[in-house]
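The chain contents come next:
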Amino acid sequence: MLGTVKSALLGSKVRVLGTLLLALGVVVGGGLSLGLLGAPSVGGVHNSFGDVTDEETEIRTELVVRNPNPIGINLGGVSVSYDVRMNDVAMANGSKEGVSVGTGNSTVAFSTRMDNDKIPTWWVSHVRNDEETDLRVDATVRSATLGRSVAAPPVEREISTDVVSQFNTTEPRPIDGDLPLVSDPVGYVNETSARWGEVTAAETPIDMRFTVYNAKSLPMAVTEIGYTITMNNVTVGNGSSETGHVIEGHSTETIETQTAIRNGKLDQWWVSHLENDQVTQLRIDFYAELELGGETFRVPLDELTYRKTIETDLFGSKTEEAGSKATDESAAEDGSESGDATTTGDDSVTDATTAADETTAAGDTPTAEDETTTDETTTDASDGETTTTDDGLLAVSSVV
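Visitor: In this structure, what is going on with the sheet that holds strand 9 (residues 173-175)? I would like to understand it.
Guide: Backbone-to-backbone hydrogen bonds join strands into a sheet, with any given pair of strands oriented parallel or antiparallel. One open sheet holds the four strands; their spatial order is 9-10-11-14, and the pairing between them is antiparallel. Each of the sheet's edge strands pairs with one partner strand only, and the pair in question is strand 9 and strand 14 (252-262). Taken pair by pair, the neighbouring strands of this sheet meet at an average axis angle of 35°, ignoring direction. With eleven bridges joining them, strand 11 (residues 203-214) and strand 14 adopt antiparallel strand pairing. Residue pairing across strands places Thr 204 opposite Ile 261, the latter belonging to strand 14.

This is the structure:
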C-alpha cells in the first residue's frame, strides 16, 4: 500500500516537471519564433599581456557579454571571437565555442598566443608610418541558436614613439684623445642630426651627420666611425663605416655615416620590453679612428652616447592600473575603503601610448673654440551567473 502511494506521488512529480519543461520550451520556442529573445552582445573588451617567452607572447582577453533576456537560460551555441591588428599587421586572433552566459553581464576570460616573429613586421610598418601605429581590437559574439552575430564597437588606439629626434642637437661636445703629447680636447662635435633611412624587412637604417671641429693646428683625419646599438642591453645593431675625411687645423667638416637596427633581433628585444613593463632603454655608443700628427688612435666618443627611454602602453592596461592605484591611495588617505572593482562595460580605452624622452646626460659644454671643457657632472558587473573559461583558442594566424 505504502509503495503504491510513493509510486503515485513520484509519477505525479514527473508529470508536473514534464509539464513545466514543456511550458518552458514553448516560451523559449515562441520567443525565438516571435523575435522576443535578444541576441547577446559585447559590453566591454579588456586586453593585457601575460606570459612571454622567446618564441611567444600571451595576450589575455576579458569580454563582458551582455545577455538582454530576462531569464538566465542557457542560450547554447554562443561563441566569441576577436582580432588584434597593428597597422593592419595581424598580431593575434582567436575564438571560443560553447560559451554559456547567464542573464545580465558575464565575463568571459581566455587567452591566445602571438608569435614573436610578428614583431619585426610590425616594427617596419611602425617606422614607415613615421613612428605611428594604429592598434585595433575587434570582438564579435554569435548565437547559433538565435542565428545572429553582434560585433562590438572596435577598440582603437594610436601608439607613438620618437626614437631619433633627440639626436638632433647643436650642443658642442669635446673629443678627448688621451694622447701623451697632445692636450685634450683634440676637437669638438658641434652638431649632430639623425633621421630614419630607407627601412627594409631586414634592417632599419639611421642616417647620421656629425659636424666636427679640429681644435688643433695640425690636420686631423677621421678614418672610421663605429657604433653599437642596444635596446635593454640586447644588441640590435653594430658596425662601422670608413669616412676618409681630413679636417684642416681650426676648421670644421660635416661627416655623414649610417647605423642600422637589424630587424631580426627585434623579437629578442620585444621579450625584454614586456618583461620591463613595456619600457626600453635605447643606447647608441660611438667610437672614431683618428690620425693626428702621424699617430693613429681610436677614441670612444662618450660625449656622443645617445640614450632614449621608449615606453608603450599598447592595450591601456598600465594606465588603468595606475588609475586604480591612485584611487586606492586616495581612498586610503581619506580613511575609507575602496569597493570591489567592477567592469563598466565601456568600450573606450584610455588615450594612446606616450613616448617618454630622456636626453643624453651631458653637462654644460663650452663653445668649440674655447678648447676647455667643463666636467659633465572583471571582473564582473554582473547581475546574473558568470562563466569563466580557460585557454582554448585557435592557433594564431601566420605573419603578414
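Visitor: Could you clarify how one ought to interpret helix 3 (residues 266-275) in this entry?
Guide: Note that an α-helix has 3.6 residues per turn; residues three or four places apart therefore point the same way. Where burial is concerned, most of helix 3 is hidden: eight out of the ten residues are buried. When helix 3 is considered as a whole, its buried residues turn out to be Leu 266, Asp 267, Trp 269, Trp 270, Val 271, Ser 272, His 273 and Leu 274. Looking one or two places after helix 3, you find Asp 277, whose phi comes out positive at around 60°.

Visitor: Mind showing me how you'd approach the pairing of strand 2 (residues 56-67) here?
Guide: Consecutive residues of a regular strand have side chains that alternate between opposite faces of the sheet. Note that strand 1 (residues 41-52) and strand 2 share nine bridges and pair antiparallel. Paired with Ser 41 across the bridge in strand 2 is Arg 66. From the end of strand 1 to the start of strand 2, which pair antiparallel, there are three residues.

Visitor: Sorry if this is basic, but what is going on with the pattern of salt bridges here?
Guide: As a working rule, side chains carrying opposite charge can pair if their charged atoms are close by. Inspection of every chain in the model, using the stated rule, returns seven salt bridges. Here Asp 138 makes a salt bridge to Arg 136, at a shortest N to O gap of 2.9 Å. Given a relative accessible area of 24%, Asp 138 falls into the partly exposed group. You can call Arg 136 partly exposed: its relative accessible area is 34%.

Visitor: How do you make sense of the sheet that holds strand 5 (residues 104-115) when you look at a structure like this?
Guide: The strand order across the open sheet built from three strands is 1-2-5, with neighbouring strands paired in antiparallel fashion. In this open sheet, the two strands that pair with only one neighbour each are strand 1 and strand 5. Between one strand axis and the next, the sheet turns by 20° as a mean value, whatever way the strands run.

Visitor: Got a minute to help me understand the confidence of the model for the protein chain in this structure?
Guide: Detailed reading of predicted coordinates is not advised where the pLDDT is low. When pLDDT is averaged across the protein chain, the result is 74; 68% of the residues are at 70 or more. A low-confidence stretch, residues 8-35 stays under pLDDT 50, and its non-local contacts, those more than four residues away or across chains, total nine contacts. Within the model, pLDDT remains below 50 along residues 335-400, and this stretch shows 169 contacts once partners closer than five positions in the same chain are excluded.

Visitor: Is there a simple way to explain a negative patch on the surface in this structure?
Guide: Together, Asp 54, Glu 55, Glu 56, Asp 117 and Glu 275 make up a negatively charged patch on the protein surface. Turning to its location among the elements, Asp 54 is positioned in the loop between strand 1 and strand 2. When its relative accessible area of 58% is taken as the criterion, Asp 54 is described as exposed.

Visitor: Mind showing me how you'd approach the packing of helix 2 (residues 118-128) against helix 3 here?
Guide: A pair of packed helices can be characterised by two numbers: the angle between their axes and the separation between those axes. For the pair helix 2 and helix 3, interaxial distance at closest approach is 8 Å and the crossing angle is 95°. Relative to helix 3, the element helix 2 is oriented roughly perpendicular. Two secondary-structure elements touch here, helix 2 through Ile 119, Pro 120, Trp 122 and Trp 123 and helix 3 through Leu 266, Asp 267, Trp 269 and Trp 270. In terms of residue class, the contact of helix 2 with helix 3 is built from seven nonpolar, no polar and one charged.

Visitor: Which parts of the structure should I look at to understand the nonpolar core?
Guide: Within the largest apolar cluster, 75 residues are counted, with the highest numbers of intra-cluster contacts made by Phe 210, Phe 286 and Leu 290. Leave out the neighbours within four places in its chain, and Phe 210 touches Phe 167, Val 189, Glu 191, Thr 192, Ile 225, Glu 253, Thr 254, Ile 255, Thr 257, Phe 286 and Leu 304.

Visitor: Teacher, can you tell me more about the environment of Pro 219 here?
Guide: Tracing the backbone through its elements, the reader meets Pro 219 in the loop between strand 11 and strand 12 (220-231). A relative accessible area of 39% means that Pro 219 is categorised as partly exposed. Sequence separation between Pro 219 and Val 246 is 27 residues; the distance between their C-alpha atoms is 6.7 Å. Non-local contacts of Pro 219, meaning those with residues more than four positions away in its chain, are made with Asn 214, Val 246, Ile 247, Glu 248, Gly 249, Glu 291, Leu 292 and Gly 293.

Visitor: Could you clarify how one ought to interpret the pairing of strand 11 in this entry?
Guide: Of all the twelve residues making up strand 11, nine are buried; the element is thus mostly covered by neighbouring parts of the structure. Pairing of strand 10 (residues 187-196) with strand 11, which is carried by nine bridges, proceeds in the antiparallel orientation. Counted as the bridge partner of Val 189 is Val 212 from strand 11. The loop that links strand 10 with its antiparallel partner strand 11 comprises six residues.

So, how was this worked out
Residues numbered from 1 in each chain as written. Predicted model: local features only at pLDDT ≥ 70, side-chain atom pairs only at ≥ 80, totals over all residues. Heavy atoms only, no water. Pairing = 2+ DSSP bridges. Helix = DSSP H or I, 4+ residues; strand = E, 2+ residues; numbered from the N terminus. Axes fitted to C-alpha atoms, helices over the stretch in contact; angles between N-to-C directions. Buried < 20%, exposed > 50% of the residue type's maximum accessible area, 1.4 Å probe, protein only. Salt bridge = Lys/Arg side-chain N within 4 Å of Asp/Glu carboxyl O. pLDDT = per-residue confidence, 0-100. Contact = heavy atoms within 4.5 Å. Patch = residues over 30% accessible without salt bridge, like charges linked within 9 Å, V, L, I, M, F, W, Y side chains within 5 Å. Areas by Shrake-Rupley, 256 points an atom, 1.4 Å probe, with all protein chains shown as cover. Lys, Arg positive; Asp, Glu negative; His and termini not counted. Charge placed at Lys NZ, Arg CZ, Asp CG, Glu CD. Parallel < 35°, antiparallel > 145°, perpendicular 65-115°, else oblique. Nonpolar A, V, L, I, M, F, W, Y, C, P; charged D, E, K, R; others polar. Core = buried A, V, L, I, M, F, W, Y, C linked by side-chain atoms within 4.5 Å.

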